[in-house]
Amino acid sequence: PTFPNEKKKKVVILGSGWSAVSVINHLNPGQFDITVVSPRNYFLFTPILPSVTVGTVESRSIVEPIRKLIYKSHKGKNVQFFEAECKEVDAKNKSVWCRDESGIQGSVSDFKIDYDILVVAVGA
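Let me sum up the structure you'll find in this document. Residue numbers run consecutively from 1 along every chain, following the written order of its sequence. Residue-level local features of this predicted model are given only where pLDDT is at least 70; pairs of side-chain atoms are given and counted only at 80 or more, and the full residue set underlies all totals for whole chains, interfaces and linings. Think of the side-chain values as coming from all heavy atoms in the structure, minus any hydrogens and water.

Here's the deal with the environment of Val-23
Condition: Only DSSP runs of H or I with at least four residues qualify as helices, and only runs of E with at least two residues qualify as strands; both kinds are numbered from the N terminus onward. The rule is simple: take the accessible area with a 1.4 Å probe, protein chains only, and divide by the maximum for that residue type; under 20% is buried, over 50% is exposed, in between is partly exposed. In what follows, residue pairs with any heavy atoms lying within 4.5 Å of each other are defined as contacts.
Structurally, the position occupied by Val-23 is in helix α1 (residues 18–26). Look at Val-23 and you get partly exposed, because its relative accessible area is 25%. The residues contacting Val-23, other than those within four sequence positions of it, are Ile-13 and Val-119.

Given below as structure tokens:
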């Protein structure tokens, strides 16, 4: 339970694969402010990937937008997604430096995110 004066911990999750999605689904957005950072804005269902290569399944059937997965599990509450690449982790100051990797970039491409808890789930 959270108390009215208790500050929510900031959780930064690096990645959008199996581990990251599992962590996202198990975190309570009422207790944490969650930020997901990944250069890919989708989740790839890898067990069926061989079926795509032989043509029995279409590629669009094995990818799911990460924002859609976040919305399904948290209804968009206290969860942010950045299509970016983590360039540096500053463990001493509890921050990560990221670079915007989206197709639509603004005037600032490098940015910093502070965290209380860091989950590194970048995959293989």
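So, next bit.
A closer look at the pattern of salt bridges
We apply this condition: Salt-bridge detection follows one rule: a side-chain nitrogen of Lys or Arg within 4 Å of a carboxyl oxygen of Asp or Glu.
Following the criterion strictly, the structure yields 5 salt bridges and no others. Between Glu-64 and Lys-68 there is a salt bridge, with the nearest N and O atoms lying 3.6 Å from each other. Where Asp-110 meets Arg-99, a salt bridge forms, and the shortest distance between an N and an O atom there is 2.8 Å. Of the two residues, Asp-110 is situated in strand β7 (residues 110–114) and Arg-99 in strand β6 (residues 95–100); the sequence distance between them amounts to 11 residues. Since its relative accessible area comes to 37%, Asp-110 is described here as partly exposed. Look at Arg-99 and you get partly exposed, because its relative accessible area is 33%.

Regarding the sheet that holds strand β2 (residues 32–38)
Threshold: Here, any two strands with at least 2 DSSP bridges between them count as paired. For helices, the fitted axis covers only the stretch in contact; all axes are lines through C-alpha atoms, and the angles between them, taken along N-to-C directions, range from 0 to 180 degrees.
Read across the open sheet, the 6 strands follow the order β7-β6-β5-β2-β1-β8; overall the sheet is mixed. The sheet is open, and its two edges are formed by β7 and β8 (117–120), each paired on a single side. In this sheet, neighbouring strand axes are inclined to one another by 40° on average, regardless of whether the strands run parallel or antiparallel. Bridging between β6 and β7 involves 5 bridges; their strand directions are antiparallel. Considered in β7, the bridge of Cys-98 is made with Phe-111. Lying over the sheet, helix α3 (residues 66–74) contacts β2 and β5 (79–90), oriented at roughly 115° with respect to β5.

Let's talk about the pairing of strand β1 (residues 9–14)
Test applied: When the strands point away from the viewer, a crossover counts as right-handed if the path from the first strand over the helix to the second runs clockwise.
Across 6 bridges, β1 lies against β2 in parallel orientation. Within the sheet, the bridge partner assigned to Leu-14 lies in β2 and is Val-37. In this fold, β1 hands off to α1, which returns the chain to β2; that crossover is right-handed. Pairing analysis gives 4 bridges linking β1 to β8, with the strands arranged parallel. Counterpart to Val-12 in the pairing with β8 is Leu-118.

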